[in-house]
Amino acid sequence: MFYWVFISWFLQIPKFVSTIVAVNISLCFYKTPEDFHHEGDVKIGAFFPIHTYYSPNKVPHSSIPYKYLDNYVQYNFKNYQYILALVFAIEEINGNPNILPNISLGFDFYNVRFTEKDTLMNACFWLTAQGQKMILPNYSCDKRSFTAALTGTSWTTSAQIGTLLQLFKFPQLSFGPYEHILSDRGQYSSLYQMATKYTSISLGIVSLMVHFKWSWVGLILPDDHKGNIILSEFREYMEIKGVCIAFVKMIPVTWISYSNKFWQNMDETNVVIIYGDIDSLAGLMRNIGQRLLTGKVLVMNIEPYITYYADYFMLDSFHGSLIFTPNYRKSFELTKFIQTVNPYKYPEDIYLPKFWHLFFKCSFSDVNCQLLANCQSNASLDMLPSFIFDMAVSEESTNIYNAVYAVAHSLHQMILQNLQIQQHENGKAMAFFPWQLNIFLKDIVERENMSIGGRKKLNAEYDIFNLWNLPKGLGQKVKIGSFSANAPEGQQLSLYEQKIQWAEGFSEIPQSLCSESCMPGFRKVTLEGKAICCYKCMPCAGNEISNETDVDQCVKCPESHYANTEKNHCFQKTVSFLAYEDTLGKTLASIALCLSALTAFVIGVFVKHRETPIVKANNRGLSYTLLITITFCLLCSLNFIGQPNAATCILQQTIFGITFTVALATVLAKAITVVIAFKATFPGGMVRWLMTSRAPSYIIPLCTLIQLLLCGMWMATSPPFIDQDFHAEHEHILLLCNKGSSVAFHCVLGYLCSLALGGYIMAFLSRNLPDTFNESKFLSFSMLVFFCVWVTFLPVYHSTKGKVMVAMEVFSILASSSALLGFIFVPKCYIILLRPDKNSFHHIREKTHSRRNKSLKM
């Protein structure tokens, strides 16, 4: 409750700071020496970046408000936690009788300045203990012992100081992020890295991209060897996970300003990954803050320092940023210690008075710049918002704490073993050479499982934080998840999405894609010359579906299923066949039955008028046979309608073949009978014998026997069977009768066509023979139509599928049967029923007499 009450007061700090600058407060606030000291028998050198002086022509941006004489000073208040971690560790050790009894630890703090020259200068000041005076190499003005140096946070700072300390084999402990170069024992044999060599941060960031389906991201990295290494890691993991890089921007460490060209293609993506250390990204962070880079989700491995430009509400450039930080064991004792710190408890501290003066309204004495006791009551560092001073113990502070203990334990072991150590006598300071500490320090660091050169890699666990700038200027850092590379696949990333505040311009999870997602029913087609994340969407072809977004290949439905119109689901096909319930089946069955009834009616007419000349003249017995056979031909078409089974499949072809063979053989017999009748003029001749012996009647059984032999061989070798056609109709499995042997089917059909052709020839030859009721013309027309129907049937049958193919065969049966019925018997019925006067012997005699008189006149 108190914290939030304080926030309401603290939101006025930017205005308060502006007031301070405007009234030109005491110069004591701006005077900041480069060093201060904590007394002890043995001293540790501490080189931390806490504040920076700039000359007027090198000020990185205009928002630095603190001016001292002709220079500008910038305070990094968050880094002050490093000093407190150092003080806390030293006080713990000094108060512990089991570590370094009768020996006190102290430290010399030196600020890490902006340039390499100033950094090395401070290191020389410490080694010689000559302060700001002239430096005399290899000579120390301080009789107290120096043990080791703590350097960081940047690896460049450690490398610069390490180059100098390496000359003396002086122990050096780096508390910043692990750096591969510093592990080179040939170049830095006495440098020890306290940070763990983590290798999974790039995998964690890429896993976050995959989780939110961000496949098109930008990279901003430092232009050094570390930036190149992490770039190769990002490329490797992104290629595996299907994430593409929209752009890569490498930042020279020396840059302090960024031209508009640097930001030109930032609009290509909504997500930008920023990786580096505090020093390499300092200029970039300042530039982002000045530009109000909104509408971008920044994913970083460090928290931006926004002390001097966080006076924004929702439009802060870093609002909604996601930050990966290693999950390490927090020191709650250190947090409690920080709460008790104040400038009166540690008068030698040069930074605590700045805090109390700036944030708790304390005043400086005009005489000696001592802090007066007119401050806000109960003032404590934990009252400050996290963007000014974070009470959460950082990894660097933990490394400093561990480094101090490593030095203390090493020194303690060296004393116990009396290895070239001058005993502490008569109050004199203990004397030893710092390089002697290396062997003990190395063993302890390795035993403590610290990170030194050659140490194996560890997959760290990372906490993921979301940066809020809400309320205005708060800079709240909220944990929204974690990542553990050691967890099982699929459980490595854990997020609380409901806690995430996105950047300005996004009310929901942002999208970051090169191409819009391909919806279900489509597949991705990569564009030539583009990244794999840049593609176009193509509909799934044929019987294929995709029920997920952004699939590379569509999945083919099983044969028993079909793809819906949207191509995103496979549905079970229903069984289909030419049924009586279908309109087509119902129509064909009705036609077959009607034609059969008509044929039966014709049979009745012929039976009733069997003694009339027209019935007797055209071989009454063959006419009955033909009419009955036509009836069976029409009815056999019903075998093709309805659900097929093994019996109907066999009956379809055999009945069709035999009935039409009988019909065509009958027509052939009728045509031959007409020819023989007009040729049998001489008694005792061969033709006369054929006529009297009723030879044409044997044509029917003979032709039928041949067809029976063909059908028998067909049924014996490869009979028809039930088949399923999965492809004829999109949504149905078509049940149909497979012919079994295509050759046998075409042989049967070919035999029928040969009979029709023979009947047509015989009828055509007898078309002009004189007779009152000569039906040769009708026979020839019927055979011609029959032949044309079945010749046309073959190409149409093979070009259709499904029910239409079956219906085509039924239609051909009905059409050819109708041709036989219509051309042969309809004219006779017309005479019998409508012109009975022509169906009499008197009419025949008159017509014959008329024909004879006509021939005599000629």
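Residues numbered from 1 in each chain as written. Predicted model: local features only at pLDDT ≥ 70, side-chain atom pairs only at ≥ 80, totals over all residues. Heavy atoms only, no water.

Peer 1: What am I meant to see in the state of the cysteines here?
Peer 2: Here a disulfide denotes a covalent bond joining the sulfur atom of one cysteine to the sulfur atom of another. Scanning the model with the defined rule gives six disulfides in all. Note on cysteine 788: no disulfide assigned, nearest cysteine sulfur contributed by cysteine 753 at a separation of 10.0 Å. (Disulfide = S-S within 2.5 Å.)

Peer 1: Is there a simple way to think about the nonpolar core in this case?
Peer 2: Nonpolar side chains in soluble globular proteins tend to end up buried together. Of all hydrophobic cores here, the largest spans 74 residues; its most connected members are Phe48, Tyr80, Leu381 and Phe389. Breaking this core down by element, the ones donating at least two residues are β2 (42-48), α3 (80-94), β6 (105-111), β7 (145-151), α9 (332-340), α10 (352-359), α11 (395-416) and α12 (438-447). Those residues within four positions of leucine 381 in sequence are excluded, and the remaining contacts are Tyr80, Leu84, Ile338, Leu352, Phe355, Trp356, Phe389 and Met391. Within the second largest apolar cluster, 68 residues are counted, among which are Cys636, Ile641, Val667 and Phe793. (Core = buried A, V, L, I, M, F, W, Y, C linked by side-chain atoms within 4.5 Å. Buried < 20%, exposed > 50% of the residue type's maximum accessible area, 1.4 Å probe, protein only. Helix = DSSP H or I, 4+ residues; strand = E, 2+ residues; numbered from the N terminus. Contact = heavy atoms within 4.5 Å.)

Peer 1: I keep staring at the side chain of serine 380 and nothing clicks. Help me out?
Peer 2: With respect to the secondary-structure elements, serine 380 resides in the loop between α10 and α11. By relative accessible area, serine 380 is classed as buried at 7%. Of note is the side chain of serine 380, whose polar atom sits 2.8 Å from the side chain of aspartate 382. What serine 380 contacts, discounting residues up to four positions off in sequence, is Gln339, Trp356 and Phe360. (Polar contact = N/O pair within 3.5 Å; in protein donor to acceptor, adjacent residues only side chain to side chain.)

Peer 1: I would appreciate a short explanation of the sheet that holds strand β24 (residues 574-576) in the present structure.
Peer 2: Pairing between sheet strands relies on hydrogen bonds along the backbone, with the strands arranged either parallel or antiparallel. The sheet built from three strands is open, its strands ordered β24-β26-β25 with mixed pairing. At either margin of the open sheet sits one strand with a lone partner, and together these are β24 and β25 (721-729). Neighbour-to-neighbour, the strand axes of this sheet turn through a mean angle of 35 degrees, independent of strand direction. Direction of pairing for β25 relative to strand β26 (residues 732-738): antiparallel, over a ladder of six bridges. Across the sheet, the residue bridging to aspartate 725 is leucine 734, located in β26. (Pairing = 2+ DSSP bridges. Axes fitted to C-alpha atoms, helices over the stretch in contact; angles between N-to-C directions.)

Peer 1: Sorry if this is basic, but what is going on with empty space enclosed by the protein here?
Peer 2: Leftover empty space is mapped by rolling, across the atoms, a probe with the size of a water molecule. In the structure shown here, the tally under the stated rule is three cavities of 30 Å³ or more. When its volume is computed, the largest cavity comes out at roughly 150 Å³. Considering the residues around the largest cavity, the lining is formed by 16 residues, among which Phe640, Gln652, Leu736, Cys737 and Val806 are closest to the centre. Secondary structure elements with two or more residues in the lining of the largest cavity: β26 and α21 (803-834). No other element matches the four residues that β26 contributes to the lining of the largest cavity. Among the residues forming the lining of the largest cavity, the class breakdown is eleven nonpolar, three polar and two charged. (1 Å grid on protein atoms, 1.4 Å probe; cavity = no way out; pocket = protein on both sides within 12 Å on 5 of 7 lines; lining within 4 Å. Points joined across faces, edges and corners; volume = space filled by probe spheres on them. Nonpolar A, V, L, I, M, F, W, Y, C, P; charged D, E, K, R; others polar.)

Peer 1: For this particular structure, what's the right way to read the packing of helix α13 (residues 583-608) against α21?
Peer 2: Between α13 and α21, the least distance of the axes is 10 Å, while the angle of their chain directions is 25 degrees. The orientation of α13 relative to α21 falls into the category roughly parallel. Read as a crossing pair, α13 and α21 show a hand that is left-handed. When α13 is examined against α21, the residues Leu584, Leu588, Ile591, Ala592, Leu595, Leu598, Thr599, Phe601, Val602, Val605 and Phe606 are found in contact with a partner set consisting of Ala807, Val810, Leu814, Ser818, Leu821, Phe825, Lys828, Cys829, Ile832 and Leu833. Its residues assigned to classes, the contact of α13 with α21 comprises 18 nonpolar, two polar and one charged. (Parallel < 35°, antiparallel > 145°, perpendicular 65-115°, else oblique. Left-handed = near helix turned anticlockwise from the far one by under 90°.)

Peer 1: Explain the packing of aromatic side chains to me, please; I cannot follow it from the model alone.
Peer 2: How two aromatic rings sit relative to each other is given by the distance of their centres and the angle of their planes. Applying the stated rule across the entire model yields 40 aromatic pairs. Judged by centre distance (5.3 Å) and plane angle (85 degrees), the ring pair of phenylalanine 212 and tryptophan 502 falls under edge-to-face. Residue phenylalanine 212 is found in the loop between α6 (201-211) and β10 (216-222), and its partner tryptophan 502 is found in the loop between β17 (493-495) and β18 (522-526); the two are separated by 290 residues along the sequence. As far as burial versus exposure is concerned, phenylalanine 212 and tryptophan 502 are alike and both buried. Where phenylalanine 660 meets tryptophan 790, the ring centres are 6.2 Å apart and the plane angle is 80 degrees; that geometry is what we call edge-to-face. (Phe/Tyr/Trp six-rings, centres within 6.5 Å; stacked < 30°, edge-to-face > 60°.)

Peer 1: Sorry, what's going on with α13 here?
Peer 2: With 26 residues, α13 extends 37 Å between its outermost C-alpha atoms, agreeing within 8% with the 38 Å of an ideal straight helix rising 1.5 Å per residue. Those residues of α13 that are buried are in contact with α14 (613-617), α15 (620-636) and α21. (Expected span 1.5 Å × (residues − 1).)

Peer 1: It is not clear to me how the pattern of salt bridges should be interpreted in this structure. Could you clarify?
Peer 2: When their charged atoms lie close together, side chains carrying opposite charge are able to pair. For the coordinates displayed, the defined rule picks out twelve salt bridges. The partner of lysine 43 in a salt bridge is aspartate 108, and the shortest N-O contact between them spans 2.5 Å. Remark: aspartate 108 occurs in strand β6 and lysine 43 occurs in strand β2; sequence separation between them is 65 residues. For the residue pair lysine 43 and aspartate 108, the accessibility class agrees, reading buried in each case. A salt bridge links lysine 739 to glutamate 809; the nearest nitrogen and oxygen atoms lie 3.3 Å apart. Of this pair, lysine 739 sits in the loop between β26 and α19 (742-765) while glutamate 809 is found in helix α21, placing the two residues 70 residues apart along the sequence. There is no split in this pair, since lysine 739 and glutamate 809 are both buried. Taken together, the shared-partner salt bridges connect Lys78, Glu303, Asp390 and Lys477 into one network. (Salt bridge = Lys/Arg side-chain N within 4 Å of Asp/Glu carboxyl O.)

Peer 1: Could you clarify how one ought to interpret a nonpolar patch on the surface in this entry?
Peer 2: A cluster of nonpolar residues, Leu598, Phe601, Tyr830, Leu833 and Leu834, forms a patch on the protein surface that exposes about 510 Å² of accessible area. The set of elements that each furnish at least two residues to the nonpolar patch consists of α13 and α21. By residue number, the principal contributor to the nonpolar patch is α21, which donates three residues. In this structure, tyrosine 830 sits in helix α21. On the basis of relative accessibility, which here comes to 43%, the residue tyrosine 830 falls in the partly exposed class. (Patch = residues over 30% accessible without salt bridge, like charges linked within 9 Å, V, L, I, M, F, W, Y side chains within 5 Å. Areas by Shrake-Rupley, 256 points an atom, 1.4 Å probe, with all protein chains shown as cover.)

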